[in-house]
Amino acid sequence: MNKKKLWIFIFLIGVFIISLLYRLRGLVSINPPFWVDEIFTASQANVVLQYGLNVFNNTKVYFEYHNITTHFLVALFFKIFGKSEWVARLPFVIIGSFVPVMAFIFSRFIFNLPTSIVSSILISFAYIEITWSRQARGYVLQQLLILMALYLYFKIIDYKKKPIVWQYLLFIITIFLGVLTHTMFYL
């Protein structure tokens, strides 16, 4: 690894850690109660915990199909850490901390190094990004998947290089997860 790549790697780790710290701040100690949409996420995660994969064909319960990835992710965190508001928000805090990193990678591919540095720093400290990351909703997950899909798409159609099989596979998995996260991903 050359010196420039090493500094970029260190920068990205720093961006992730700073983003994570800003998003974690007060998550457990303040722990505000759920608002309407978050209650629905937690409720659907509880349905997933109760019925597992049978949630898809069980006529006794209502299961929302727009946020499958979100509901299963919160259910997984409930299973591991127990049920609470901060646990429901934790996966999105982690995912939201990866958004500035992915923004850097995507903008570096499309533009240049200074643009990618600025975009990742702006997203790290943007109030709306921090707020979205601290809600038990799939907003930042959708954002991360869109950035990943766009990056992989442009990487695949890059005429300078022949695409590698793993890029196609990762692109298909990202699209699949995006559609499971919300059907608006089609757009």
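About the criteria used
- Residues numbered from 1 in each chain as written.
- Predicted model: local features only at pLDDT ≥ 70, side-chain atom pairs only at ≥ 80, totals over all residues.
- Heavy atoms only, no water.
- Helix = DSSP H or I, 4+ residues; strand = E, 2+ residues; numbered from the N terminus.
- Rg over C-alpha atoms; globule rule 2.2 N^0.38 Å.
- Buried < 20%, exposed > 50% of the residue type's maximum accessible area, 1.4 Å probe, protein only.
- Core = buried A, V, L, I, M, F, W, Y, C linked by side-chain atoms within 4.5 Å.
- Salt bridge = Lys/Arg side-chain N within 4 Å of Asp/Glu carboxyl O.
- Expected span 1.5 Å × (residues − 1).
- Arc of directions from axis to C-beta.
- Patch = residues over 30% accessible without salt bridge, like charges linked within 9 Å, V, L, I, M, F, W, Y side chains within 5 Å.
- Areas by Shrake-Rupley, 256 points an atom, 1.4 Å probe, with all protein chains shown as cover.
- Lys, Arg positive; Asp, Glu negative; His and termini not counted.
- Charge placed at Lys NZ, Arg CZ, Asp CG, Glu CD.
- Axes fitted to C-alpha atoms, helices over the stretch in contact; angles between N-to-C directions.
- Left-handed = near helix turned anticlockwise from the far one by under 90°.
- Contact = heavy atoms within 4.5 Å.
- Nonpolar A, V, L, I, M, F, W, Y, C, P; charged D, E, K, R; others polar.

Section: the overall build of the protein chain
Counting secondary structure elements, the protein chain contains 8 helices and 0 strands. Sequence-ordered secondary structure for the protein chain, helices as α and strands as β, is α-α-α-α-α-α-α-α. The globule rule puts the C-alpha radius of gyration for 187 residues at 16 Å, and the 18 Å found for the protein chain is close to it. The principal-axis extents of the C-alpha atoms in the protein chain amount to approximately 55 × 40 × 25 Å. Relative to its 187 residues, the protein chain shows a buried fraction of 42%.

Comments concerning the nonpolar core
The biggest cluster of nonpolar side chains holds 42 residues, and the ones touching the most others in it are F63, V74, F78, A88, I95, V99 and L147. Where this core is concerned, the elements lending two or more residues are α1 (3–24), α2 (36–51), α3 (68–81), α4 (85–110) and α7 (139–157).

Focus: the pattern of salt bridges
The final tally for this structure, using the stated rule, is 2 salt bridges. Across the pair R137 and D37 runs a salt bridge, and its minimum N-O distance is 4.0 Å. Separated by 100 residues along the polypeptide, R137 in the loop between α6 (127–133) and α7 and D37 in helix α2 bring together distant segments of the chain. Residue R137 is classed as buried on the basis of its relative accessible area, which comes to 9%.

Structural notes on helix α5 (residues 113–125)
In this model, α5 (13 residues) spans 19 Å end to end at C-alpha, consistent with the 18 Å of a helix rising 1.5 Å per residue. If you check which residues of α5 are buried, you get S116, S119, S120, I123 and S124. Viewed end-on, α5 has its buried residues packed into an arc of 130°, placing them on one side of the element. Among the exposed residues of α5, those pointing more than 90 degrees away from its buried face are P114 and L122.

Focus on a positive patch on the surface
Positive charge collects at one region of the surface, where K4, K5, R108, K160 and K161 lie side by side. You can call K160 exposed: its relative accessible area is 77%.

Observations concerning the packing of α3 against α4
Between two packed helices, the angle of one axis relative to the other and the distance separating the axes together describe the packing. Put simply, α3 and α4 touch, their axes get as near as 8 Å, and they point 115° apart. The handedness of the crossing between α3 and α4 comes out as right-handed. Listed contacts from α4 to T70, L73, V74, F77, F78 and F81 of α3 are V87, A88, L90, P91, F92, I94 and I95. The residue inventory of the contact of α3 with α4, partitioned by class, reads 12 nonpolar, 1 polar and no charged.

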